[in-house]
Amino acid sequence: MWGMIAAAAVSAAAGIAGGIKKTANARKLAKEQQHMLDKERGENAAWYQRRYYEDPLERVENRSALEQARKNLIQSSKAAAGVASVTGASNAAQAAQKEANNEAYTGLVQGIAANAGKSRDAVESSYRKANNEFDKGQIQLNASRAEAQNQAVDTAVEGVQNAASIAAKASVNKPGSSNQGIDWSKLFN
C-alpha cells in the first residue's frame, strides 16, 4: 500500500513538474518571439519615419536629375548668348530663352514634388500593411501563449489525476478502509 501511495506522489510530482517545465519553456519561447516582433515593429517605424519625412530633393536620383538639368540650362544659356552675339539678337530674346530655361527647371522640381506625394502614399500604405501583419503576429503569439498555458495546466492536472487514481486503487476496497466504494478519479473530472 505504501508503494502505491509513493507511486501516486511521484506521479503527481512528475505531472506538476512537467506542467511547470512546459510553462517555463513556453514563456521563454513567447518572450523571444515578442522581442523579435517588437524589434521588427521598431525597424518598420524607423523606416517609415525616414522615408515619409525625407526631403525629396535630397534623394540621390532627384539630386542627380536636378544637377543634370542645371548643367543643361547653363549650357543652353551659354549657347543662346553665343548665338545672340553672332546674330545680333536683342536682350529680350536672351531674356526669353532664360525664362524658358527657368520654366523647364521649375517644371522638373514640380514633377519631383508630385512624385514625392505618390511616394509618401506608397510608404504609408506599405507601413500600414506591415503594421497589420505585426498585429496578426501579435494575435497569433497571444493565442499560442494561451494554448501553451492551457497545455501546461492540463499536464499538471493529468498528473494529479493519475496520482489520485493510484491512491484510490491503493485504498479502495481494502479491509478496514473507510474509502470503500469511492471513485476518486471522478473527483478531478
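Look a little higher up for the structure.
Residues numbered from 1 in each chain as written. Predicted model: local features only at pLDDT ≥ 70, side-chain atom pairs only at ≥ 80, totals over all residues. Heavy atoms only, no water.

Colleague: I keep staring at the side chain of Q34 and nothing clicks. Help me out?
Modeller: By the element assignment, Q34 lies in helix α1 (residues 2–52). In terms of polar contacts, Q34 uses its side chain to reach the side chain of R145, at 3.4 Å. Not counting the four nearest positions on each side in its chain, Q34 is found in contact with Q138, L141 and R145. (Helix = DSSP H or I, 4+ residues; strand = E, 2+ residues; numbered from the N terminus. Polar contact = N/O pair within 3.5 Å; in protein donor to acceptor, adjacent residues only side chain to side chain. Contact = heavy atoms within 4.5 Å.)

Colleague: So what exactly am I meant to see when it comes to the pattern of salt bridges here?
Modeller: Opposite charge on two side chains allows them to pair when their charged atoms are near. Per the stated rule, a full pass over the model turns up 8 salt bridges. E67 serves as the salt-bridge partner of R70, at 2.6 Å between the closest nitrogen and oxygen. With R70 and E67 both in helix α2 (residues 60–87), this residue pair falls 3 residues apart, about one helical turn. On the accessibility criterion, R70 (38% relative accessible area) is partly exposed. (Salt bridge = Lys/Arg side-chain N within 4 Å of Asp/Glu carboxyl O. Buried < 20%, exposed > 50% of the residue type's maximum accessible area, 1.4 Å probe, protein only.)

Colleague: What exactly am I supposed to notice about the packing of aromatic side chains here?
Modeller: Across all of its chains, the model carries 3 aromatic pairs by this definition. Aromatic side chains Y48 and Y127 sit 4.1 Å apart centroid to centroid with 20° between the ring planes, which places their arrangement in the stacked category. Here Y127 lies in helix α3 (residues 91–171) and Y48 lies in helix α1, a separation of 79 residues in the sequence. Residues Y52 and Y53 carry aromatic rings whose centres are separated by 4.9 Å and whose planes lie at 80° to one another, so their mutual orientation is edge-to-face. Here the basic side chain of R120 rests over the ring of Y52, its NZ or CZ set 5.6 Å away from the ring centre. (Phe/Tyr/Trp six-rings, centres within 6.5 Å; stacked < 30°, edge-to-face > 60°. Lys NZ or Arg CZ within 6 Å of the ring centre and 35° of its normal.)

Colleague: How should the environment of S77 be read in this particular structure?
Modeller: Within the secondary structure, S77 sits in helix α2. Separated by 21 residues in the primary sequence, S77 and K98 have C-alpha atoms spaced 6.5 Å apart. For S77, the contacting residues outside a window of four places in its chain are K98 and N101.

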